[in-house]
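Each chain, letter by letter, is given below.
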Amino acid sequence: MQISNRQKQVKIPSGTRLLLRRCCHAVLACEEFEKPAEVSISFIDNGEIKHLNAEFRGKDIETDVLSFPLGENGAYDKNEDTGAYMLGDIVISVEKALAQAKLYGHTFQREMGFLTVHSMLHLLGYDHETGGLEAAKMREKEESILARLGLTRDGDGLEADVGK
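Quick notes on the rules
- Within every chain, residues take consecutive numbers counted from 1 along the sequence as written.
- Totals for whole chains, interfaces and linings use every residue, but because this is a predicted model, local features are given only for residues with pLDDT of at least 70 and side-chain atom pairs only at 80 or more, for both listing and counting.
- As a convention, hydrogens and water are excluded, and side-chain values are obtained from all of the structure's heavy atoms.
- Within this scheme a cavity is a closed region of a 1 Å grid, computed over the protein atoms alone, that accommodates a 1.4 Å probe without allowing it to escape, whereas a pocket is open but has protein on both sides within 12 Å along at least five of seven lines; lining residues each have an atom within 4 Å of a point.
- Grid points are joined across faces, edges and corners, and a volume is the space filled by probe spheres set on the points.
- The helix and strand labels rest on DSSP assignments: H or I over at least four residues marks a helix, E over at least two residues marks a strand, and numbering proceeds from the N terminus.
- In the scheme used here, Gly and all other residues not listed as nonpolar or charged are polar, with Ala, Val, Leu, Ile, Met, Phe, Trp, Tyr, Cys and Pro taken as nonpolar and Asp, Glu, Lys and Arg as charged.
- The pairing criterion for strands is at least two bridges between them, as found by DSSP.
- Lines fitted to C-alpha atoms define the axes, with helix axes restricted to the stretch in contact, and inter-axis angles between N-to-C directions lie between 0 and 180 degrees.
- The contact criterion used is simple: two residues touch if any of their non-hydrogen atoms lie within 4.5 Å.
- What counts as a salt bridge is simple: a side-chain nitrogen of Lys or Arg found within 4 Å of a carboxyl oxygen of Asp or Glu.
- Each residue's exposure class comes from its accessible area (1.4 Å probe, protein chains only) as a fraction of the maximum for that residue type: buried when under 20%, exposed when over 50%, partly exposed otherwise.
- Crossovers are marked right-handed if the path from the first strand over the helix to the second runs clockwise, as seen with the strands pointing away from the viewer.
- Values of pLDDT, ranging from 0 to 100, describe the predictor's confidence in every residue of the model.
- Between rings of Phe, Tyr and Trp, where Trp is taken as its six-membered ring, a pair exists when centres lie within 6.5 Å; planes separated by under 30 degrees are stacked, by over 60 edge-to-face, and by other angles tilted.

Description of the layout of surface pockets
A volume near 230 Å³ is recorded for the largest pocket. Along the walls of the largest pocket sit 12 residues, with Arg 57, Leu 66, Ser 67, His 122 and Glu 129 positioned nearest its centre. Of all the secondary-structure elements, those providing two or more residues to the lining of the largest pocket are α2 (46-57), β3 (65-69) and α4 (108-123). No other element matches β3, which puts 4 residues into the lining of the largest pocket. Here the lining of the largest pocket is built from residues that sort into 4 nonpolar, 5 polar and 3 charged.

Looking at the sheet that holds strand β4 (residues 85-93)
Working definition: the strands of a sheet are paired by backbone hydrogen bonds and lie parallel or antiparallel to each other. The mixed open sheet is built from 4 strands, whose spatial order is β1-β2-β4-β3. The outermost strands of the open sheet, each flanked by one partner alone, are β1 (2-5) and β3. The mean angle between the axes of side-by-side strands here comes to 15°, regardless of whether they run parallel or antiparallel. Alignment of strand β2 (residues 37-44) against β4, held across 8 bridges, turns out to be parallel. When the sheet's bridge partners are listed, Ser 40 is paired in β4 with Asp 89. Helix-sheet contacts for α2 involve β2, β3 and β4, and the interaxial angle to β3 is about 45°.

A short note on the pattern of salt bridges
Overall, the coordinates contain 5 salt bridges when judged by the stated rule. Close ionic contact of Glu 129 with Arg 57 constitutes a salt bridge, the shortest N to O distance being 3.6 Å. Separated by 72 residues along the polypeptide, Glu 129 in the loop between α4 and α5 (132-148) and Arg 57 in helix α2 bring together distant segments of the chain. Glu 142 is the partner of Arg 139 in a salt bridge, and the nearest nitrogen-oxygen pair spans 3.6 Å. One end of the pair is Arg 139 and the other is Glu 142, both in helix α5 and 3 residues apart, which spans about a single turn.

Remarks on the pairing of β2
Of all 8 residues making up β2, 6 are buried, and the element is well covered by its neighbours. Regarding the hand of the β-α-β motif, the stretch spanning β1, helix α1 (residues 16-30) and β2 is left-handed.

Side note on the confidence of the model for the chain
For the chain, per-residue confidence averages 91 on the pLDDT scale, and 93% of positions sit at 70 or higher. Summarising per-element confidence for the chain, the mean pLDDT is lowest in α5 (92) and highest in β2 (98). Scored below 50 in pLDDT, residues 155-164 shows 29 contacts in the model against residues more than four places distant or in partner chains.

Considerations on the packing of aromatic side chains
Summed over the entire model, instances satisfying the criterion amount to 2 aromatic pairs. Taking 5.8 Å as the distance between ring centres and 80° as the angle between the ring planes, the aromatic pair formed by Phe 33 and Tyr 76 counts as edge-to-face. Taken together, the positions of Phe 33 in the loop between α1 and β2 and Tyr 76 in the loop between β3 and β4 put the pair 43 residues apart, joining distant regions of the chain. Judged by its relative accessible area of 13%, Phe 33 is buried.

Pasting the structure below:
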């Protein structure tokens with residue numbers, strides 16, 4: 001797993017990278033994805049995520065996280081050098097994550113963990129955009145994984161609109 005910090009607006013607390021690695025491994029374990037996996041996570045700013053959201057989703061607004069899956073229908077290319085299956089890329093607006101943590105009354109770590117778990121599920125084929133059962137199933141998995149990691153809700157208001 002590769003994690004890079006491409007923003008300067010928010011200082012990344014120590015332990016954040018380890019937490020995100022744990023989140024990725026927890027999702028893979030929950031989904032019984034037992035093969036070696038490759039994921040790239042980038043920390044970016046609001047300006048860059050707005051640009052990416054406009055370019056790839058046609059939405060000219062800032063968002064918290066974007067997922068770029070490399071696989072389709074459970075099939076992933078294998079990196080012949082490492083033997084790992086390439087799941088895709090995750091980009092997180094750290095500015096947005098910090099603002100949302102304050103808004104929803106929980107820690108920055110909880111928000112970053114949530115965004116990582118949310119994106120990992122997208123990389124593995126989950127989609128909440130259509131709503132209904134699929135969205136409910138994804139939300140349930142997110143909360144289950146976060147609880148296993150000890151990233152429980154610190155306040156009443158869970159991020160109902162996160163990830164849009």
